[in-house]
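Single-letter residue listing:
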Amino acid sequence: MATRLLRRRSLAEEAVHDTFLQVWQHASSFDATRGNADTWLYAVLRNRALNILRGEARTELTEDFEPMGLASEDESPEAIVLRLSTTSALKRCLERLKPIQRHAVVLAYVHGLSHGELAGRLDVPLGTMKSWMRRSLAALRECMP
């Protein structure tokens, strides 16, 4: 996951190392009633990787994502949602979102795209993408048991 998000082995190793240190130091903050330990671990890793990305100098968005390796033959976000169990609370909550917002959320969390990458890929302004993500995550938080 770290390699996919950071695209550089050295940065991915740093993120994993920092994640394990943070988990070790803050293990008491884990709440089993809120989810599985592996889900918590991945969330800590994802947040650390995104913090590393924010600290790095980044290039401007481009219209063509092929050279950057961001286009993939992986499943579409809609196919991923369809693959979820029909009784899944996550699936039920994702289906309540507008299709474009559901698409953005799945791309962000499954493929690790940043707000800027999502904005470029979906051809919307960065501020719009940030608003969509904020509202979508708030709606998911409210919907999830």
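Here's a quick rundown of the structure. (Residues numbered from 1 in each chain as written. Predicted model: local features only at pLDDT ≥ 70, side-chain atom pairs only at ≥ 80, totals over all residues. Heavy atoms only, no water.)

**Quick word on the state of the cysteines**
For the coordinates displayed, the defined rule picks out one disulfide. Each sulfur of the disulfide joining cysteine 93 and cysteine 143 lies 2.0 Å from the other. Disulfide cysteine 93 to cysteine 143: torsion about the S-S bond roughly -85°, handedness left-handed. Taken together, the residues cysteine 93 in helix H5 (residues 89-95) and cysteine 143 in helix H8 (residues 126-143) connect sequence positions 50 residues apart. For cysteine 93, a relative accessible area of 2% gives the class buried. (Disulfide = S-S within 2.5 Å. Helix = DSSP H or I, 4+ residues; strand = E, 2+ residues; numbered from the N terminus. Buried < 20%, exposed > 50% of the residue type's maximum accessible area, 1.4 Å probe, protein only.)

**A look at the nonpolar core**
Core analysis: the largest hydrophobic core is formed by 17 residues, its most contacted members being Val105, Leu118, Met129, Met133 and Leu140. Going through the elements one at a time, H5, helix H6 (99-110), helix H7 (115-122) and H8 are the ones with two or more residues in this core. Per-element accounting of this core gives the leading share, five residues, to H8. When neighbours within four sequence positions are excluded, leucine 118 is seen to be in contact with Ala104, Leu107, Ala108, Leu113, Asp123, Met129 and Met133. Judged by nonpolar contacts, the second largest core, of 11 residues, contains Ala2, Leu6, Ala15 and Leu45. (Core = buried A, V, L, I, M, F, W, Y, C linked by side-chain atoms within 4.5 Å. Contact = heavy atoms within 4.5 Å.)

**Regarding the packing of H6 against H7**
Contact geometry for H6 and H7: axes closest at 10 Å, N-to-C directions at 135°. Relative to H7, the element H6 is oriented oblique. The element H6 and its partner H7 pack so that their crossing is right-handed. Along the contact surface, H6 presents Ile100, His103, Ala104, Leu107 and Ala108, while H7 presents Leu118, Arg121 and Leu122. Looking at the contact of H6 with H7 residue by residue, the classes come out as six nonpolar, one polar and one charged. (Axes fitted to C-alpha atoms, helices over the stretch in contact; angles between N-to-C directions. Parallel < 35°, antiparallel > 145°, perpendicular 65-115°, else oblique. Left-handed = near helix turned anticlockwise from the far one by under 90°. Nonpolar A, V, L, I, M, F, W, Y, C, P; charged D, E, K, R; others polar.)

**Things to note about the pattern of salt bridges**
Under the counting rule described, the total for this entry stands at three salt bridges. Put simply, glutamate 14 and arginine 48 hold a salt bridge, and the shortest N to O gap is 3.5 Å. Separated by 34 residues along the polypeptide, glutamate 14 in helix H2 (residues 9-25) and arginine 48 in helix H3 (residues 37-55) bring together distant segments of the chain. Residue arginine 48 is classed as partly exposed on the basis of its relative accessible area of 21%. Connected through salt bridges with shared partners, the residues Glu14, Asp18 and Arg48 form a single ionic network. (Salt bridge = Lys/Arg side-chain N within 4 Å of Asp/Glu carboxyl O.)

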